[in-house]
Amino acid sequence: MGTALVYHEDMTATRLLWDDPECEIERPERLTAALDRLRQRGLEQRCLRLSAREASKEELGLVHSPEYVSLVRKTQVLGEEELQALSGQFDAIYFHPSTFHCARLAAGAGLQLVDAVLTGAVQNGLALVRPPGHHSQRAAANGFCVFNNVAIAAAHAKQKHGLHRILIVDWDVHHGQGIQYLFEDDPSVLYFSWHRYEHGRFWPFLRESDADAVGRGQGLGFTVNLPWNQVGMGNADYVAAFLHLLLPLAFEFDPELVLVSAGFDSAIGDPEGQMQATPECFAHLTHLLQVLAGGRVCAMLECPGVHPECPCCPSPVLEEPAAARPHESLVREEALTALGKLLYLLDGMLDGQVNSGIAATPASAAAATLDVAIQRGLSHGAQRLLCVALGQLDRPPDLAHDGRTLWLNIGGKEAAALSMFHVATPLPVMTGGFLSCILGLVLPLAYGFQPDLVLVALGPGHGLQGPHAALLAAMLRGLAGGRVLALLEEDSTPQLAGILARVLRGEAPPSLGPSSVASPEDVQALMYLRGQLEPQWKMLQCRPHLVV
C-alpha cells in the first residue's frame, strides 16, 4: 500500500475580487506552489493520484447547518458588490462565484482520502485543498475557511466506516476553533491543537483557545490546546510537544484513524506565524504519527506558508574512535560468518546502497558483535551513533566518551546515568512503563543527539514481544534518515524477525492496544534518570505526561 495524493485544479479558481489586505494572502498560488514542489521532487509520481470530487449536500450536512450550506450555494449567482457585502458579515473571509464549487471539492477530497485509507487502497495520504477548513463552524465561514474539511472527514469516518476513536492533530499556527466547537462534547474525537496565542492577543483572539479549554460534557478531556505565548518556537519545541504531551495521550486513546490539519504557517519563514521550525521537522512529526492507528494517517492542507530552503548544519569535528580489539567470542567460525554478513550490511548502509537491515548473531557473541559494529560505524563515516541495547548487554569497554556515541541500555539492573552519553534503565514490566520509557527518555535523548546511524540490539533476556520491538524500531526510523540496523540473536523467533523487517521497510507497527498502568518502580526509575540528565539534554527539560 502506498500514499494517495488528492487534488483538483478547479480549486485554484477562487480569488479575491476587491481590495482587502487581510484576505489577499489567500490566493491560488498557495496551492499551486505546493503541487509544483511535489512535482519538482518527483513525489507526485510516487503517489496514487486521485481527482477530488464534490462533497454532497448530505455530506456537508454532517457538520454544517442546511441554512449555511444554502447560503454558500447562493454565492454562485451573486455579483461582486453582493459578494463583498456578504463576506463582510464574517471574520476574515471572501466569497467568489466559484467558492461553493471549490469548497465542495475541498471537502470531497478529504472524504475520498479517508475512504481510500480505510478501505485499504492506500496506507496514508495528503489532500491538497483550497479553501482551508479548520476555522469554519456549523453556521459560519471564518478565517478563509468555508466548509470544515477535516471535521467533515471525521464525521464521515464515524458514520460510514463505523470508527469510534479518531485523533485530529492541528499543527497550523492558528487555533482551529471550528473543529474544537464541533467536537468539544464528543469523546470519540481527540482534538489536539498547538497555536500562537500570546495570552489571547493573536487571532482568533479567543479565550477558549487557552490550555484550560479541554472539552465539555462527555467530551471533557478530549480537547487538548497547547497555546504558544511567544514566537520563535523551533524544532525542539515541536518534537518535545509530541513526545511529552500528544503521543502519550494518543497511545492511551488508541485511535483508529489520524487526521492532520496540516497548516504550514507554523514553519520558519512565514511572516504571520513567526516560528522557527524547519520543513524537515514536519517530516519527523508525520513519522511519529504513523506509529498510531496502524499508519492510517490522512493529512489535509490548511494554510500553507512560504518558506525558504533551510541550510544544513555542519557536523561537529570529533576525534576518531579507538581501534577495536579482537574478541575471543568471535573466533568460532559461525560467529565470524555472522559478523561478516553484519559488516557487509553495515557497509552497504553507510555507502547508501541500502537504508536499513536486520542481522543475526550467535547469542554468545552478541555483545562482541555489537562492539565491532559500533567501531565499524564510527570509523566508516558515522559522526554520531545511537545504540539502543535491550537486555543483558554491557557497554563495550573501549567505547570513548567523546560524544560520538550515545549508549542506551534498556534492561539494566538499575537506573543509572554514568555520563550524559551512557544511560541504563531496567526494562519496564508493563506497556505503560514501556511507552513512558520510549517517549519520556529514549526519543528525547535520541532527538537531542541527532544520530546519523542507529543500532538496535536485542540481546539475552530482552523480554520484548514483537509489537513492542516493532514500535521501538518504527519510532527510531525517524532518525538518521532511516538508517537503522537491528541486531538479533540467531535463536530469535521468526515472528520477531519478520515484524521488524516489515517495520524497517516502512509498514506501521501493530497496535499495542489499551495501555496498562506503569508500575511505581518504572515511574521512579524514569524520573530519576530524567533528573540526572536534564541539565545536559534540553529535550528533557519539560515535565512528561506518563502513561499511567
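Here the structure is a predicted model, which means the values were calculated and not measured.

Conventions used here
Starting afresh in each chain, residues are numbered from 1 along the sequence in its written order. The model is predicted, so local features are restricted to residues of pLDDT at least 70 and side-chain atom pairs to those at 80 or more, both for listing and for counting; the totals for chains, interfaces and linings are taken over all residues. Excluding hydrogens and water, the side-chain values take into account all heavy atoms of the structure. Comment: axis = line fitted to C-alpha atoms, over the contacting stretch for helices; angle = value between 0 and 180 degrees taken between N-to-C directions. Helix and strand definitions here come from DSSP, where helices need a minimum of 4 consecutive H or I residues and strands a minimum of 2 consecutive E residues; each element is numbered from the N-terminal end. We call two directions roughly parallel when the angle between them is under 35 degrees, roughly antiparallel when it is over 145, roughly perpendicular when it lies between 65 and 115, and oblique otherwise. We call a crossing left-handed when the near helix sits turned anticlockwise from the far one by less than a right angle, and right-handed when that turn is clockwise. The contact criterion used is simple: two residues touch if any of their non-hydrogen atoms lie within 4.5 Å. Three classes are used: nonpolar for Ala, Val, Leu, Ile, Met, Phe, Trp, Tyr, Cys and Pro, charged for Asp, Glu, Lys and Arg, and polar for all others, with Gly counted as polar. Relative accessibility thresholds used throughout: buried, under 20% of the residue-type maximum; exposed, over 50%; partly exposed, between the two (1.4 Å probe, protein chains only). By the counting scheme adopted, Arg and Lys are positive, Glu and Asp are negative, and His together with the chain ends is not counted. Salt-bridge detection follows one rule: a side-chain nitrogen of Lys or Arg within 4 Å of a carboxyl oxygen of Asp or Glu. For this analysis, a polar contact is any N or O atom pair within 3.5 Å, provided that within protein one partner can donate a hydrogen and the other can accept it, and provided that sequence-adjacent residues contribute only side-chain to side-chain pairs. Scored from 0 to 100, pLDDT records how confident the predictor is in each individual residue. To form a nonpolar core, buried Ala, Val, Leu, Ile, Met, Phe, Trp, Tyr and Cys residues must be joined to one another through side-chain atoms within 4.5 Å. Only strands joined by at least two bridges in the DSSP assignment are considered to pair. Sulfur atoms of two cysteines make up a disulfide when they are within 2.5 Å.

1. Considerations on the packing of helix α8 (residues 235–253) against helix α12 (residues 431–449)
Phase 1: The geometry of α8 relative to α12 is characterised by a closest axis approach of 10 Å and an angle of 160° between their N-to-C directions. Here α12 runs roughly antiparallel to α8, going by the angle between their axes. Seen from above, α8 lies across α12 with right-handed handedness. From α8, Val239, Leu243, His244, Leu247, Pro248 and Phe251 reach across to α12, where they touch Leu435, Leu439, Gly440, Leu443, Pro444 and Tyr447.
Phase 2: The residue makeup of the contact of α8 with α12, split by class, is 10 nonpolar, 2 polar and no charged.

2. Examining the side chain of aspartate 265
Phase 1: Relative to the elements of secondary structure, aspartate 265 occurs in the loop between β7 (257–262) and α9 (279–289).
Phase 2: The buried charged residue aspartate 265 lacks any salt bridge, with arginine 30 as its nearest oppositely charged partner at 5.6 Å.
Phase 3: Side-chain polar atoms of aspartate 265 contact the backbone nitrogen of valine 173, separated by 3.0 Å.

3. Let's talk about the pattern of salt bridges
Phase 1: Taken as a whole, this structure holds 14 salt bridges when the rule is applied.
Phase 2: Notably, a salt bridge pairs arginine 104 with glutamate 54, separated by 3.2 Å at the nearest N-O pair. One end of the pair, arginine 104, is in helix α5 (residues 99–118); the other, glutamate 54, is in the loop between β2 (48–51) and α2 (57–60), with 50 residues separating them in the sequence.
Phase 3: Note that arginine 207 and aspartate 212 form a salt bridge whose closest N and O atoms lie 2.5 Å from each other.
Phase 4: A network of salt bridges, in which partner residues are shared, links Arg39, Glu44 and Arg49.

4. A look at the confidence of the model for the protein chain
Phase 1: The predicted model of the protein chain has a mean per-residue pLDDT of 91, with 93% of residues at 70 or higher.
Phase 2: Across residues 307–331 the pLDDT falls below 50, and counting only partners more than four positions away or on other chains, this stretch makes 48 contacts in the model.

5. With respect to the nonpolar core
Phase 1: The biggest cluster of nonpolar side chains holds 88 residues, and the ones touching the most others in it are Trp171, Trp194, Tyr238, Leu289 and Leu386.
Phase 2: Beyond its immediate chain neighbours, meaning those up to four positions away, tryptophan 194 contacts Asp170, Trp171, Asp172, Leu226, Trp228, Tyr238, Ala241, Phe242, Ser266 and Leu285.
Phase 3: Met11, Leu38, Val72 and Ala153 belong to the second-largest nonpolar core, a separate cluster that totals 63 residues.

6. Considerations on the sheet that holds strand β10 (residues 385–390)
Phase 1: Here we have 7 strands laid out as an open sheet, ordered β9-β15-β14-β10-β11-β13-β12, and mixed in their pairing. Each having just a single partner strand, β9 (357–361) and β12 (416–419) make up the two edges of the open sheet. Shown here is a sheet whose adjacent strand axes are inclined to one another by a mean of 15°, direction ignored.
Phase 2: Helix-sheet contacts for helix α11 (residues 366–379) involve β9, β10, β11 (405–410), β14 (453–458) and β15 (484–489), and the interaxial angle to β10 is about 170°.

7. So, the packing of α5 against helix α6 (residues 149–161)
Phase 1: α6 packs onto α5 with a crossing angle of 40° between their chain directions and a minimal axis gap of 9 Å. The angle between α5 and α6 falls in the class oblique. Helix-helix and strand crossings are classified by hand; for α5 and α6 the assignment is right-handed. Contacts from Ala103, Ala106, Ala107, Gly110, Leu111, Val114, Asp115 and Leu118 in α5 reach Asn149, Ile152, Ala153, His156, Ala157, Lys160 and His161 in α6.
Phase 2: Of the residues that constitute the contact of α5 with α6, the class distribution is 9 nonpolar, 4 polar and 2 charged.

8. Observations regarding unusual backbone geometry
Backbone geometry follows two general trends: most residues other than glycine have a negative phi, and most peptide bonds adopt the trans configuration.
Phase 1: With an omega of 5°, the peptide bond between arginine 130 and proline 131 qualifies as cis.
Phase 2: Relative to the helices and strands, proline 131 is located in the loop between β3 (124–127) and α6.
Phase 3: A cis geometry characterises the amide bond from tryptophan 203 onward to proline 204, with omega recorded as 15°.
Phase 4: One can find proline 204 in the loop between β5 (189–196) and β6 (223–228).
Phase 5: Unusually for a residue other than glycine, aspartate 254 sits at a positive phi of about 55°.

9. Concerning the sheet that holds strand β8 (residues 297–301)
Phase 1: Spatially, 8 strands are ordered β2-β1-β3-β8-β7-β4-β5-β6 in an open sheet, and the strand pairing comes out parallel. Only two strands of the sheet have a single partner each, and these edge strands are β2 and β6. Strand after strand, the sheet turns through a mean of 15° between neighbouring axes, direction not considered.
Phase 2: Across the face of the sheet, helix α1 (residues 29–40) comes into contact with β1 (3–7), β2, β3 and β8 while running at roughly 145° to β1.
Phase 3: This element, α6, spans β4 (166–170), β5, β7 and β8 of the sheet and lies at about 170° to β7.

10. Points about the state of the cysteines
Phase 1: Within the structure shown, the criterion is met by 0 disulfides.
Phase 2: There is no disulfide at cysteine 47, and the cysteine sulfur nearest it, in cysteine 298, is 13 Å away.
Phase 3: Take cysteine 47: its relative accessible area is 24%, and that puts it in the partly exposed class.
Phase 4: A disulfide-free cysteine, cysteine 437 has its sulfur positioned 14 Å from the sulfur of cysteine 387, the nearest such atom.

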